[in-house]
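Spelled out, the chains give:
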Amino acid sequence: MTDYDYEILAKTIFGEARGESFAGQVAIACVVINRWKAHKWFSGKSIASTCLKPYQFSCWNKSDPNSQILAKLPYTTYSKYFPAIKEAINNDITVGATHYHVRGLNPAWAKNHKPCKQIGAHLFYNDIE
């Protein structure tokens, strides 16, 4: 991964899971890595482009208040998520999940799919094509 990939992935973890435990943060990093490796419609050509792909991670959506925070997030804040990234590279705790959502939400894409894992406040899916 490039430095830019680390930066964007760390900011994605901040935007999507800063209130989660370390395991919850690792899980979000695992999903991004799994999406990138999948080479499917939801994948980008790099880790960073996978995170930034439109409408895939809500923290980057222009309408999400997190997007403005992420644009100005200092290195000292987002670098705290580097250990979660390193753990995700070595250990996929999501059993191949490429998608997730917060418990209590029922997004249309999750209909007729069964979560493969629950970690913190998120449900994870490894059967999305």
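Below, the structure is looked at part by part.

Calculation criteria
- Residues numbered from 1 in each chain as written.
- Predicted model: local features only at pLDDT ≥ 70, side-chain atom pairs only at ≥ 80, totals over all residues.
- Heavy atoms only, no water.
- Helix = DSSP H or I, 4+ residues; strand = E, 2+ residues; numbered from the N terminus.
- Buried < 20%, exposed > 50% of the residue type's maximum accessible area, 1.4 Å probe, protein only.
- Contact = heavy atoms within 4.5 Å.
- Polar contact = N/O pair within 3.5 Å; in protein donor to acceptor, adjacent residues only side chain to side chain.
- Phe/Tyr/Trp six-rings, centres within 6.5 Å; stacked < 30°, edge-to-face > 60°.
- Lys NZ or Arg CZ within 6 Å of the ring centre and 35° of its normal.
- Pairing = 2+ DSSP bridges.
- Salt bridge = Lys/Arg side-chain N within 4 Å of Asp/Glu carboxyl O.

1. Observations regarding the environment of D92
Mapped onto the fold, D92 is located in the loop between α6 (82-90) and β1 (99-102). D92 gets classed as partly exposed once you look at its relative accessible area, which sits at 31%. In the structure, D92 is positioned 90 residues away from T2 in sequence and 20 Å away in space, judged by C-alpha atoms. In this structure D92 touches C30 and N34, once residues within four positions along its chain are discounted. Within polar-contact distance, the side chain of D92 engages the backbone nitrogen of G96 at 2.9 Å.

2. A closer look at the packing of aromatic side chains
According to the stated counting rule, one finds nine aromatic pairs in the structure shown. Note on Y75 and F82: the rings are 6.0 Å apart at their centroids and 70° apart in plane angle, and the pair reads as edge-to-face. One aromatic cluster in this structure is built from Y6, Y75, Y78 and F82. Its end group placed over the ring of F14, R18 keeps NZ or CZ at 4.3 Å from the ring centre.

3. Considering unusual backbone geometry
Notably, H39 is not glycine yet its phi reads approximately 55°, a positive angle. Structurally, the position occupied by H39 is in the loop between α2 (22-38) and α3 (47-52). Within the chain, N112 stands out as a residue other than glycine whose phi angle is a positive 70°. Relative to the helices and strands, N112 is located in the loop between β1 and β2 (117-119). A residue is classified by how much of its surface remains accessible, and N112, at 74% relative accessible area, is exposed.

4. Focus on the pairing of strand β3 (residues 122-125)
The side-chain alternation of β3 yields two buried faces, one formed by H122 and F124 and the other by L123 and Y125. Examined bridge by bridge, β1 and β3 share four bridges and lie antiparallel to one another. Of the residues in β3, the one forming a bridge with V102 is H122. Pairing of β2 with β3 involves three bridges; the strand directions are antiparallel.

5. Here we look at the pattern of salt bridges
Evaluated as defined, the whole model comprises two salt bridges. E7 serves as the salt-bridge partner of K11, at 2.8 Å between the closest nitrogen and oxygen. Within this pair, K11 and its partner E7 are both found in helix α1 (residues 3-17), separated by four residues, close to a single helical turn. The exposure class of K11 is buried, given its relative accessible area of 7%.

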